[in-house]
Amino acid sequence: MYTLTTPGKGNIEEVLNLSQKVFHETFARDILAKEENFEYNNARIIIDESGSVVSTVFVIPRIMYMDSVELKLGGIGGVATDPSCRGKGYAGLLMKDAVDFMKQEHYDLSLLFPYSKDYYAKFGYRDYCPEIHSVPAAQSALKNTQNINIREYSPAVDFDRVLNLYNSYCLSCIGPVKRSRAYLEQYLKKNENDIIKIFVAENKGQLYAYGMYGKMKKGAKADTWAAKMLEYSFLHGRKSAMDLIFSAAMKEAAAEGHQLFYYEPLDNYSFEGSQPADHEKTIELDNKHLKMFRVIDFGSLFKKLKPLWDKRCGADIEKHFEFSYSSADYQGAAVIEGLESGFSMRLEEKEFTGILLGFSAFSSLRAGSGFTPGEKELLNKIFPAKKPVFWDFDYL
């Protein structure tokens, strides 16, 4: 017998101890339990017949930017079962309970970093791996012709400026998490061993850009690491400042013996001379780069995104389409029906999440052939291909 419930003051310490025992780190204790939005019902637990907490999962509340729209996102983390109690299906029960909880709380989307893609696919999650580029680290000699000052980040001077630049830059992107002061403080503290140096670019006291240079593991079990720009943001029209920060970081990487420098290109930024990284020969991406998403509350999601979709296509989409979503046994699917053509297209979670988050364009879906040319044109505008912005250590 077991009880599926939420923790309270009496056993939250036991929950945190179990997480530490399983993961051999204090992430749940030092970060999750101290977050400004943490509540006991964000943790779901199983108590066995002896009264012991034997399995846990955390639902971590976040706000995700999607092209100027703020979506409520639930991060799944801390999925842990006591080694002596594994094989009983506890983690699966907790995952289903977590999805149900997020539906009750009207989360729009959910995200997790999987240790097994196949396992979490059972609960409706779709995987995404970002495009990573590399450039020779020695290719770093750029001339500073605009008197832009490139220096190391100073917390006392730059913390609020970096936070404001990040939020203003990322607001119009797809994927980044909205950050508060408390969130950024925890983010920097948690990842201090992986962030080697933060560079800033400024001119006459105005912050133009920043970049966090650090370590990317070459595979989940590797002892070696690659040099990477973990995240970056810059003011509109200040790409040259971003280039100078990349150049400074690449120079340090070359001095440390790295031949290649890695980063994730964006729709409005790529470093000249870079190429898509050959994952097979250069890096084996670990689960910090592989992410999985699923829709939670489609009604809430649609209500928030409809104004954006109307704006993208220049029309009231409900005069052209009917959107619906269904979920059976934790596997979701969306249906788009063209009101002019009468054609209905069913998209499984993987396909729908792909066009929703910009992983792929609507035009890549061959199943849409029954729509009229006008409907296809509108759907291509509603669901364009965009490069999502998912920084290495964000979300959880």
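Figured I'd write up the structure that's included with this text. (Residues numbered from 1 in each chain as written. Predicted model: local features only at pLDDT ≥ 70, side-chain atom pairs only at ≥ 80, totals over all residues. Heavy atoms only, no water.)

### Here's the deal with the overall build of the chain
Stated precisely, the cut-off is as follows: Helix and strand assignments come from DSSP, with helices taken as H or I runs of at least 4 residues and strands as E runs of at least 2, each series counted from the N terminus. Computation of the radius of gyration draws on C-alpha atoms, with the globule rule given as 2.2 Å multiplied by the number of residues to the power 0.38. Think of it in three bands: residues with accessible area under 20% of the maximum for their type are buried, residues over 50% are exposed, and the middle band is partly exposed, with areas taken using a 1.4 Å probe on protein chains only. Contact definition: two residues touch when any of their heavy atoms are within 4.5 Å. Per-residue accessibility takes into account occlusion by the displayed protein chains alone, with areas from the Shrake-Rupley method and a 1.4 Å probe. In this charge count, Lys and Arg are treated as positive and Asp and Glu as negative; neither His nor the chain ends contribute. Here the site of a charge means NZ on Lys, CZ on Arg, CG on Asp, or CD on Glu.
Broken down by element type, the chain carries ten helices and 18 strands. Computed over the C-alpha atoms, the radius of gyration of the chain is 22 Å, within 12% of the 21 Å expected from 2.2 N^0.38 for a compact globule of 396 residues. Relative to its 396 residues, the chain shows a buried fraction of 55%. Long-range contacts, defined as pairs at least 24 residues apart, comprise 70% of the intrachain contacts of the chain with a sequence gap of at least 6. Looking at the chain as shown, the accessible area adds up to about 17,800 Å², and 48% of this sits on carbon and sulfur atoms. In the chain, 49 positive and 53 negative side-chain charges are present, and the distance between their average locations comes to 3 Å.

### A look at the packing of helix α5 (residues 155-170) against helix α6 (residues 181-190)
Worth spelling out the cut-off: Under this scheme, a helix contributes an axis fitted over its contacting stretch, all axes are lines through C-alpha atoms, and angles between N-to-C directions fall in the 0 to 180 degree range. For classification, angles of less than 35 degrees are called roughly parallel, those exceeding 145 degrees roughly antiparallel, those between 65 and 115 degrees roughly perpendicular, and all remaining angles oblique. Amino acids are sorted into nonpolar (Ala, Val, Leu, Ile, Met, Phe, Trp, Tyr, Cys and Pro), charged (Asp, Glu, Lys and Arg) and polar (every other residue, Gly among them).
The geometry of α5 relative to α6 is characterised by a closest axis approach of 11 Å and an angle of 110° between their N-to-C directions. In this view, α5 runs roughly perpendicular relative to α6, as classed from their interaxial angle. Seen from α5, the contacting residues are Phe159, Asp160 and Leu163; seen from α6, they are Arg181, Leu184, Glu185 and Leu188. Here the residues of the contact of α5 with α6 sort into four nonpolar, no polar and three charged.

### Considerations on the packing of helix α8 (residues 298-313) against helix α10 (residues 373-382)
To keep it simple, the criterion reads: By the definition used in this description, the sense in which the near helix is turned from the far one sets the handedness, with an anticlockwise turn below a right angle giving left-handed and a clockwise turn giving right-handed.
Close contact between α8 and α10 brings their axes to 8 Å; oriented N to C, the two are set at 120°. In terms of axis orientation, α8 runs oblique to α10. As for how α8 packs across α10, the hand of that crossing is right-handed. Between α8, through Trp309, Arg312 and Cys313, and α10, the contact on the second element is made entirely by Leu378, Lys381 and Ile382. The class makeup of the residues in the contact of α8 with α10 is four nonpolar, no polar and two charged.

### So, the nonpolar core
Basically, it comes down to this: In this text, buried Ala, Val, Leu, Ile, Met, Phe, Trp, Tyr and Cys residues form a nonpolar core when linked through side-chain atoms within 4.5 Å.
Judged by nonpolar contacts, the single largest core of 49 residues is most densely connected at Leu188, Tyr232, Phe246 and Phe261. Mapped by element, the contributors of at least two residues to this core are α5, α6, β10 (195-203), β11 (206-217), β12 (225-234), α7 (239-255) and β13 (260-263). No other element matches α7, which puts eight residues into this core. Leaving out residues up to four positions away in the same chain, Leu188 has contacts with Tyr153, Phe159, Ile195, Ile198 and Met212. By size, the runner-up hydrophobic cluster in this structure holds 40 residues, among which are Ile174, Leu301, Trp309 and Leu378.

### Notes on the environment of Lys319
The topology assignment puts Lys319 in the loop between α8 and β16 (321-328). Note on Lys319: relative accessible area 64%, which makes it exposed. Residues Lys319 and Leu339 lie 20 residues apart in sequence; the distance between their C-alpha atoms is 7.5 Å.

### With respect to the side chain of His258
You can see His258 is positioned in the loop between α7 and β13. In contact with His258, other than residues within four places in its own chain, are Ala137, Trp225, Ala226, Ala227 and Ala253.

### Brief notes about the sheet that holds β11
Using the following cut-off: Only when DSSP finds a minimum of two bridges between them are two strands counted as paired.
The mixed open sheet is built from seven strands, whose spatial order is β8-β10-β11-β12-β13-β7-β14. The outermost strands of the open sheet, each flanked by one partner alone, are β8 (149-152) and β14 (275-276). Two strands pair when backbone bridges link them, and β8 and β10 are joined in this way by four bridges, in the antiparallel orientation. Residue pairing across strands places Asn149 opposite Glu202, the latter belonging to β10. Contacts from α5 reach β8, β10, β11 and β12, with the element oriented near 85° to β11. Contacts from α7 reach β7 (133-136), β8, β10, β11, β12 and β13 within the one sheet, and its direction differs from that of β11 by about 35°.

### Quick look at the packing of aromatic side chains
Definition in use: Aromatic rings from Phe, Tyr and Trp, with only the six-membered ring used for Trp, were paired whenever their centres fell within 6.5 Å, and each pair was classed as stacked if the ring planes differed by under 30 degrees, edge-to-face if by over 60, and tilted otherwise.
This model, assessed by the stated rule, comprises 35 aromatic pairs. Note on Phe298 and Tyr325: the rings are 5.5 Å apart at their centroids and 10° apart in plane angle, and the pair reads as stacked. With a gap of 27 residues between them, Phe298 in helix α8 and Tyr325 in strand β16 connect regions that are remote in the sequence. Both residues of the pair, Phe298 and Tyr325, belong to the buried class. Where Trp309 meets Phe383, the ring centres are 5.2 Å apart and the plane angle is 65°; that geometry is what we call edge-to-face. Here Trp309, found in helix α8, pairs with Phe383, found in the segment after α10; they are 74 residues apart in sequence, far enough to count as distant.

### A look at unusual backbone geometry
In this model, His106 sits at a positive phi of 60°, which is unusual for a non-glycine residue. Looking at the element boundaries, His106 is found in the loop between α3 (90-104) and β5 (109-112). Given the relative accessible area of 46%, His106 is considered partly exposed. Here Tyr330, not a glycine, exhibits a phi torsion of approximately 70°, which is positive.

### Structural notes on the pairing of β12
Note the cut-off: The handedness rule is simple: strands pointing away from the viewer, and a clockwise path from the first strand over the helix to the second, make the crossover right-handed.
When you tally the buried positions in β12, you get nine out of ten residues, the bulk of the element. One ladder, built from two bridges, connects β12 with β13; its direction is parallel. Across the sheet, Lys228 pairs through a bridge with Tyr262, a residue of β13. At this point the chain moves from β12, through α7, to the parallel β13, and the crossover so formed is right-handed.

In short, shape yes, function no, at least from these values alone.
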